[in-house]
Amino acid sequence: MFGPDNRGMTLSVLLVEDDEHIRQALGLALDDEGFTVTDAVSGEDALDLLKTTTFDVVLLDLMLPGVDGLEVCRALRAQGDLPIIIVTARTDASDVIAGLEAGADDYVTKPLMASVLAARIRALLRRSGRQDEVLRVGELEIQPQTSTVLRAGAEVHLTRTEFRLLVELASADGRVVSREQLLQRVWGYDYFGDTRLLDVHIRRLRRKVEADPDDPELVVTVRGVGYRVDL
C-alpha cells in the first residue's frame, strides 16, 4: 500500500542498514527531512517487520549479514510493488544492474546527502501521467486512475515505476520519448548520462507486456534517441 506523496502527510521509511553509524546518521537526517524512519539491521529483521507493518518505501543496503540485500529485494518484489531504493557503497555496473534486476526501483551510492535521497524518495512516490484517460496499446488497457494494466482482460502486475514508465510511453501517442525525458519524468531528476536504470526497467517492462521480450513489438527502441510505444 502506497502512502501519501504530496499532500503534506508523513511518509514512512524502512531503512535496512547494518552499519550503526550510517543507520543512525541517515535516520536522523531523514527524520529532519520529515520522514518517519524505522530501522532494520539485517535482511531477516526487515522481512519480519514487513510482515506486520506497512511502509511507503524501503531503503535497502546490498551488503547485509545473513540474507543479503539482493535476496531481500527479490523477496519483497515477489510479494508486491512496494517501492525499493538500493543504497549501496558498490558502484560497479554489475552490482547496480543486479540490484535493479532484482526488482529495485532506484539506486543511490554512498556517501550521499540526505536531502538528495529525500528528493529521490519523493520523486519515486509522485504520481505521473494522465490520471483519468484510459490508454490502449495493442492488447493492453492502461488505467492510470487505478494503476491497473489489463492484457486481453487479464491483469498484468507491474511495479509502480514500471507502470509510470508505461504510462509515459503510451501517453506520447506513438511519438519517440527520449531517454533523458523518461529519466526526468519517471524518476524526477537528471542522471548525467547514466542510463542503466532506464535500460533495466525497459527490460523488466518488456518481460511483462511483450509476447516475445527479445523481439518487442510494443515498446520499441529508437536507436540513439529513446523509446516509443507502437499503438
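Keep in mind that this is a model prediction, so the values were computed, not measured.

Turning next to the pattern of salt bridges. The full count for this structure, using the stated rule, is 14 salt bridges. Put simply, Lys 51 and Asp 48 hold a salt bridge, and the shortest N to O gap is 3.7 Å. Residue Lys 51 and its partner Asp 48 are located together in helix H2 (residues 43-52), separated by three residues, close to a single helical turn. Lys 51 gets classed as exposed once you look at its relative accessible area, which sits at 67%. In this structure, the salt-bridge partner of Glu 162 is Arg 204, at a minimum N-O distance of 3.0 Å. On the criterion of sequence distance, the pair formed by Glu 162 in helix H6 (residues 160-170) and Arg 204 in helix H8 (residues 196-209) is long-range, its members being 42 residues apart. A single burial state applies to Glu 162 and to Arg 204, both of which are buried.

A few words now on helix H7 (residues 179-187). All buried positions along H7 are accounted for by Leu 182, Leu 183, Val 186 and Trp 187. The arc that holds every buried residue of H7, seen down its axis, measures 100°, which confines them to one face. In this structure, the buried side of H7 is in contact with strand S5 (106-109), helix H5 (114-125), H6, strand S10 (177-178), H8 and strand S12 (226-229). Gly 188 lies just past H7 and shows a positive phi near 90°.

Here we come to the sheet that holds S10. Strand order in the open sheet formed by three strands is S10-S12-S11, and the pairing between neighbours is antiparallel. Two strands lie at the open edges of the sheet, namely S10 and strand S11 (219-222), each paired on one side alone. Bridging between S10 and S12 involves two bridges; their strand directions are antiparallel. Its bridge partner being in S12, Val 177 is matched across the sheet by Tyr 227. Along the sheet, H6 makes contact with S10, S11 and S12, crossing S12 at roughly 75°.

Further remarks concern the sheet that holds S5. The strand order across the open sheet formed by five strands is S2-S1-S3-S4-S5, and the pairing between neighbours is parallel. Since the sheet does not close on itself, it has two edges, and those belong to strand S2 (36-40) and S5, each with one partner. In this sheet, neighbouring strand axes are inclined to one another by 20° on average, regardless of whether the strands run parallel or antiparallel. Where strand S3 (residues 57-60) meets strand S4 (residues 84-88), three bridges bridge the pair, whose relative direction is parallel. From the neighbouring strand, Leu 59 faces S4, where its bridge partner is Ile 85.

Our next topic: the domain arrangement of the chain. You can read the domains of the chain as domain 1 (11-125) and domain 2 (135-229). Listed by partner, the interface residues are 19 residues for domain 1 and 18 residues for domain 2. Here domain 1 is connected to domain 2 by two salt bridges. Between Arg 207 and Glu 101 there is a salt bridge; the shortest N-O distance is 2.9 Å.

Turning next to the side chain of Thr 161. Following the sequence through the fold, Thr 161 ends up in helix H6. Its relative accessible area of 2% is what places Thr 161 among the buried residues. Aside from chain neighbours lying at most four places away, what touches Thr 161 is Asp 105, Leu 124, Val 186, Trp 187 and His 201.

Here is what the cut-offs are and how they apply
- Residues numbered from 1 in each chain as written.
- Predicted model: local features only at pLDDT ≥ 70, side-chain atom pairs only at ≥ 80, totals over all residues.
- Heavy atoms only, no water.
- Salt bridge = Lys/Arg side-chain N within 4 Å of Asp/Glu carboxyl O.
- Helix = DSSP H or I, 4+ residues; strand = E, 2+ residues; numbered from the N terminus.
- Buried < 20%, exposed > 50% of the residue type's maximum accessible area, 1.4 Å probe, protein only.
- Arc of directions from axis to C-beta.
- Contact = heavy atoms within 4.5 Å.
- Pairing = 2+ DSSP bridges.
- Axes fitted to C-alpha atoms, helices over the stretch in contact; angles between N-to-C directions.
- Domains from an automatic or database assignment.

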